[in-house]
Amino acid sequence: MTTRDAGNSTDSRPALGITIGEALYGLVTLAVRHGPREISLTAASTLSTLYRTGARRLTDLAVIEGITQPSMSVLVTGLEQAGLAERRPDPADRRVVLVALTAAGADYIRARRQAGAGAFADLIDKLPQDEAAALAAAVPALNRLRDMDSDRRAAAARRPGAPAQDAAGPRAGSEGAAR
């Protein structure tokens, strides 16, 4: 079954999920391949998390991003040196340090998203009207998928004692682009 035929298929829901997942994965690969490379995927994802959720504890960020706390500490130090993030005391508990996005970090994420959206818009403009309309109709579901993942990762960070993944975890070797 081709991706184009996915909407007309009588296949089971899991098979449809795989077909859609493969199409989305191909688009993610395209976005990563054509995205800027000045910071790693994990660094860009961390900035994106801070943009969506606001300031977070370093340990929470490590769990959300699937890396160890020491690795996140090194990553945040690099983001600080680049002027994209800052550490600041938690107003609720002065003993706790939060990592927050700077104005430059927020600008960076917005610019990166606009560039990525522009690349996709150029491709979408080349589609027939009915296919572009089908993509537009899918936008709410796509946004819901993103929100579900964000909620899942945030819940993992709220679990007491949730272990961060070791360096061989899912993000190992992904030091190179953004979400």
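What comes next is a walk through the structure. (Residues numbered from 1 in each chain as written. Predicted model: local features only at pLDDT ≥ 70, side-chain atom pairs only at ≥ 80, totals over all residues. Heavy atoms only, no water.)

## What to know about the overall build of the chain
Stage number 1. Along the backbone of the chain there are 6 helices and 3 strands.
Stage number 2. Going from N to C terminus, the chain has its helices and strands arranged as α-α-β-α-α-β-β-α-α.
Stage number 3. For the chain, buried positions account for 30% of its 179 residues. (Helix = DSSP H or I, 4+ residues; strand = E, 2+ residues; numbered from the N terminus. Buried < 20%, exposed > 50% of the residue type's maximum accessible area, 1.4 Å probe, protein only.)

## As for the nonpolar core
Soluble, globular proteins show a tendency: their nonpolar side chains are buried together.
Stage number 1. Of all hydrophobic cores here, the largest spans 20 residues; its most connected members are Ile39, Leu47, Met72, Leu79 and Val99.
Stage number 2. Listing elements by their share of this core, those giving two or more residues are helix H2 (41-53), helix H3 (58-65), helix H4 (69-81), strand S3 (93-101) and helix H5 (103-124).
Stage number 3. In contact with Leu47, other than residues within four places in its own chain, are Ile39, Leu79, Leu84, Leu101, Tyr108 and Ile109. (Core = buried A, V, L, I, M, F, W, Y, C linked by side-chain atoms within 4.5 Å. Contact = heavy atoms within 4.5 Å.)

## A closer look at the pairing of strand S2 (residues 85-90)
Stage number 1. Sheet topology note: the S2/S3 ladder contains 6 bridges and is antiparallel. The residue of S3 that forms the bridge with Arg88 is Leu98.
Stage number 2. In sequence, S2 turns back onto S3 through a hairpin of 2 residues. (Pairing = 2+ DSSP bridges.)

## Overview of the environment of Ser73
Stage number 1. Considering the arrangement of structural elements, one finds Ser73 in helix H4.
Stage number 2. Judged by its relative accessible area of 22%, Ser73 falls in the partly exposed class.
Stage number 3. Taking the C-alpha atoms as reference points, Ser73 and Thr59, 14 residues apart in sequence, are found 8.8 Å from one another.
Stage number 4. The contacts of Ser73, once residues within four sequence positions are left out, are Leu58 and Arg87.

## Some thoughts on the side chain of Asp90
Stage number 1. Relative to the assigned elements, Asp90 resides in strand S2.
Stage number 2. Despite its burial, Asp90 pairs with no opposite charge, the nearest such side chain being Arg57 at 4.6 Å.
Stage number 3. Contact partners of Asp90, with chain neighbours within four places excluded, come to Val96 and Leu98. (Lys, Arg positive; Asp, Glu negative; His and termini not counted. Salt bridge = Lys/Arg side-chain N within 4 Å of Asp/Glu carboxyl O.)

## What to know about the side chain of Thr46
Stage number 1. When you line up the elements, Thr46 lands in helix H2.
Stage number 2. Excluding residues that lie within four positions of it along the chain, Thr46 makes contacts with Leu61, Glu65, Met72, Leu75 and Leu79.

## Considerations on the environment of Asp90
Stage number 1. Asp90 gets classed as buried once you look at its relative accessible area, which sits at 13%.
Stage number 2. Between the C-alpha atom of Asp90 and that of Arg56, which follows or precedes it by 34 residues, the distance is 9.1 Å.

## Digging into the packing of H2 against H4
Stage number 1. Relative to each other, H2 and H4 sit at 75°, their axes nearing to 10 Å. If you check the angle between H2 and H4, you find them roughly perpendicular. Taken together, the residues of H4 that come into contact with H2 (itself represented by Thr42, Ala43, Thr46 and Leu47) are Met72, Leu75 and Leu79.
Stage number 2. In the contact of H2 with H4, the residues fall into 5 nonpolar, 2 polar and no charged. (Axes fitted to C-alpha atoms, helices over the stretch in contact; angles between N-to-C directions. Parallel < 35°, antiparallel > 145°, perpendicular 65-115°, else oblique. Nonpolar A, V, L, I, M, F, W, Y, C, P; charged D, E, K, R; others polar.)

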